[in-house]
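Report on the structure
Each chain, letter by letter, is given below.
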Amino acid sequence: IDRALKVYHRCMEEKYHRNPVPPVPQLPSTVRKYFFILTTNYLFMKKCVESNPVVPIPQQWLMSMLALVPQSLMEGKDRELLTEKLLGEIIRDYEMSMRRFMGETLIPKDRLLCSAKTEEEFRGLDFSRPWQNSFIQAKNKILSNLHILHPTMQSVLDFGYAAFSTFLIVDFSRFRLKEPIDCESLKTDVSLSCSKAEEKILNTWYQRVLGVFTQKDALNGVKPDQVDALYNCVATLMSNQVKEVLRRTVEAFVKLFDTEDRNCLPLFKMELTLDEKKMEFYPNFQDLEEAILFVVNRIGQTLQNIQTVRSWLMGGTTTLDTELPDHVIVWATSTLKKSIRDNLEGPKEYFENYVERYGWLVDGTAHAQVERFEAEEHSFDEYT
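Residues numbered from 1 in each chain as written. Predicted model: local features only at pLDDT ≥ 70, side-chain atom pairs only at ≥ 80, totals over all residues. Heavy atoms only, no water.

The name that an unreviewed UniProt entry assigns to the chain is DYH12 protein, with the source organism given as Nyctiprogne leucopyga.

Structure representation (structure tokens):
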């Protein structure tokens, strides 16, 4: 407290002896007149522009956004109210952004004039080019460099959304519905599901993408020196689409082991065995962990040998970069390991209690006690 008071008094003293702030210079009357007129015009034009009706957001966009909300957050008695609030907020943000864009696009010069403070600055402004010329130049530059606007890229986007928006490599919803599964059956089922999913994707989505680029007008408007850039853009887009579905599948699998929601937790078959005078679980905890982590690795191995469009057309061997990012693998592995430890606390405690109570019957302790008792001399009642 003493140190704080000293600092406070020192700051107040420095503030008292500080030089006074110089007054704000007054603009000349001519400049003030220009500034007032231009500010009034700008605010009036901005009000007119922002009061114009805005094209409403397509309903399909809203449904697509709503589909990204986790299903667990959509359940509950207040679900409809929360959904309505969410969509209302999205619509308001969309309309506000559109109005702001219209204002900044249609009246940029008035805003620039309002930022000028002196007559020299007013005179220095260049009004020789209307905003339409700048807009057309920017549009042409975008069309020549940003290949995502090419019609073929739009087709690839549509195909990817239709194929992957609700698709998972493995259907984990049926895991809980089955009887308790053993580790080998889990590996077999997941491997089979991944193979079937890969075959389905290659026969549907991939074939549709290739079909776009086998048409004669696929490269219309693309200059010869930009063909490589367009195909690189296509490869990047396809890679991102495949990586996204792999990532969502891994996340869906990790979510099954959420310790706070055990409704979807898979059931594993484990046996308490006696082998060579030793009791243990089969499979043991390490084997169970390896089987669960195998699922993540198997998903990451799916769709790893897809040729790029250009390689397929030219007979090359270049493949898409569809490998899961390292941070996704690290996150999934660490999260699953922790969840496995937490979920196995009960079986582990049961096993240790069982061994503590009955392990002496099978580990040789009981047999040694019997032999020692028989070798000793005891009374009839003790033998009984």
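The discussion continues.
**Things to note about the overall build of the chain**
Looking only at helices and strands, one finds 17 helices and 2 strands in the chain. A buried classification covers 28% of the 384 residues belonging to the chain. A separation of at least 24 residues holds for 75% of the contacts in the chain among residues at least 6 apart in sequence. For the chain, the accessible area works out to roughly 26800 Å², and carbon and sulfur atoms hold 56% of it. (Helix = DSSP H or I, 4+ residues; strand = E, 2+ residues; numbered from the N terminus. Buried < 20%, exposed > 50% of the residue type's maximum accessible area, 1.4 Å probe, protein only. Contact = heavy atoms within 4.5 Å. Areas by Shrake-Rupley, 256 points an atom, 1.4 Å probe, with all protein chains shown as cover.)

**Some words on the packing of helix H9 (residues 183–203) against helix H10 (residues 205–213)**
Closest axis-to-axis distance for the H9/H10 pair is 3 Å, and the angle between their directions is 20°. With respect to their mutual orientation, H9 and H10 come out roughly parallel. For the pair H9 and H10, the contacting residues are Ile201, Leu202 and Asn203 in the first and Trp205, Tyr206 and Gln207 in the second. Taken together, the residues that form the contact of H9 with H10 break down as 4 nonpolar, 2 polar and no charged. (Axes fitted to C-alpha atoms, helices over the stretch in contact; angles between N-to-C directions. Parallel < 35°, antiparallel > 145°, perpendicular 65-115°, else oblique. Nonpolar A, V, L, I, M, F, W, Y, C, P; charged D, E, K, R; others polar.)

**Section: the pattern of salt bridges**
Overall, the coordinates contain 6 salt bridges when judged by the stated rule. The salt bridge involving Arg248 is made with Glu244; its shortest N-O contact spans 3.8 Å. With Arg248 and Glu244 both in helix H11 (residues 227–255) and 4 residues apart, the pair spans about one turn of that helix. Take Glu244: its relative accessible area is 32%, and that puts it in the partly exposed class. Where Asp342 meets Lys338, a salt bridge forms, and the shortest distance between an N and an O atom there is 3.0 Å. (Salt bridge = Lys/Arg side-chain N within 4 Å of Asp/Glu carboxyl O.)

**Considerations on a nonpolar patch on the surface**
Residues Ile142, Leu146 and Leu149 make up a contiguous nonpolar surface patch of about 250 Å² in total accessible area. If you trace the backbone, Leu149 turns up in the loop between helix H7 (131–145) and helix H8 (151–164). Judged by relative accessible area, which is 42%, Leu149 ranks as partly exposed. (Patch = residues over 30% accessible without salt bridge, like charges linked within 9 Å, V, L, I, M, F, W, Y side chains within 5 Å.)

**Quick notes on a negative patch on the surface**
Judged by side-chain charge, Glu75, Asp258, Glu260 and Asp261 come together as a negatively charged surface patch. Along the polypeptide, Glu260 turns up in the loop between H11 and strand E1 (271–275). Judged by its relative accessible area of 76%, Glu260 is exposed. (Lys, Arg positive; Asp, Glu negative; His and termini not counted. Charge placed at Lys NZ, Arg CZ, Asp CG, Glu CD.)

**Looking at the side chain of Gln241**
One can find Gln241 in helix H11. In this structure Gln241 touches Val156, Leu157, Gly160, Phe164 and Trp205, once residues within four positions along its chain are discounted.

**A closer look at the pairing of E1**
Here E1 pairs with strand E2 (residues 278–282) via 5 bridges, running antiparallel. Looking across to E2, one finds that Asp275 is bridged to Lys278. Connecting E1 to the next strand, E2, in antiparallel fashion are 2 residues, including Glu276 with a positive phi near 55°. (Pairing = 2+ DSSP bridges.)

**Brief notes about H9**
Between its terminal C-alpha atoms H9 stretches 30 Å, which fits the 30 Å expected from 21 residues at 1.5 Å a residue. Three or more residues of H9 are buried, namely Cys183, Leu186, Val190, Ser193, Cys194, Ala197 and Ile201. Taken around the axis of H9, the buried residues stretch over an arc of 100°, which confines them to a single face. Seen from the open side of H9, the exposed residues pointing more than 90 degrees away from its buried face are Glu184, Thr188, Lys196, Glu199 and Asn203. Next to the buried residues of H9 lie H8, H10 and helix H12 (285–300). Measuring from the side-chain oxygen of the N-cap residue of H9 to the backbone nitrogen of Glu184 gives 3.2 Å; that N-cap residue is Asp182. (Expected span 1.5 Å × (residues − 1). Arc of directions from axis to C-beta. Polar contact = N/O pair within 3.5 Å; in protein donor to acceptor, adjacent residues only side chain to side chain.)

**Notes on the environment of Asn240**
Within the secondary structure, Asn240 sits in helix H11. Exposure remark for Asn240: the relative accessible area of 45% places this residue in the partly exposed category. In sequence terms Asn240 and Leu320 are 80 residues apart; their C-alpha atoms lie 9.6 Å from each other.

**Some words on the confidence of the model for the chain**
Averaged over all residues, the pLDDT of the chain equals 80, while 84% of them reach at least 70. The low-confidence segment residues 116–120, where pLDDT is below 50, has 7 contacts with residues more than four positions distant or belonging to other chains. (pLDDT = per-residue confidence, 0-100.)

**A word on the packing of helix H14 (residues 326–343) against helix H15 (residues 345–358)**
Direction vectors running N to C along H14 and H15 enclose 45°, while the axes themselves pass 4 Å from each other. One finds that H14 runs oblique with respect to H15. Contact with H14, carried on its side by Arg341, Asp342 and Asn343, involves Glu345, Gly346 and Pro347 of H15 and no other residues of that element. Residue composition of the contact of H14 with H15, grouped by class: 1 nonpolar, 2 polar and 3 charged.

**With respect to unusual backbone geometry**
A cis amide bond links Tyr282 to the next residue, Pro283, at an omega of -5°. Assignment of secondary structure puts Pro283 in the loop between E2 and H12. With a phi close to 60°, Leu303 is a non-glycine residue in the positive phi region. When you line up the elements, Leu303 lands in the loop between H12 and helix H13 (309–314).

**Considerations on the nonpolar core**
Among the nonpolar cores identified, the biggest contains 57 residues, and Ile169, Trp205, Met238 and Phe253 are the most heavily contacted of them. Elements supplying a minimum of two residues to this core: H8, H9, H10, H11, H12 and H14. If one sorts the elements of this core by residue count, H11 sits on top with 13 residues. Ile57, Leu66, Met74 and Ile90 belong to the second largest nonpolar core, which has 7 residues in total. (Core = buried A, V, L, I, M, F, W, Y, C linked by side-chain atoms within 4.5 Å.)

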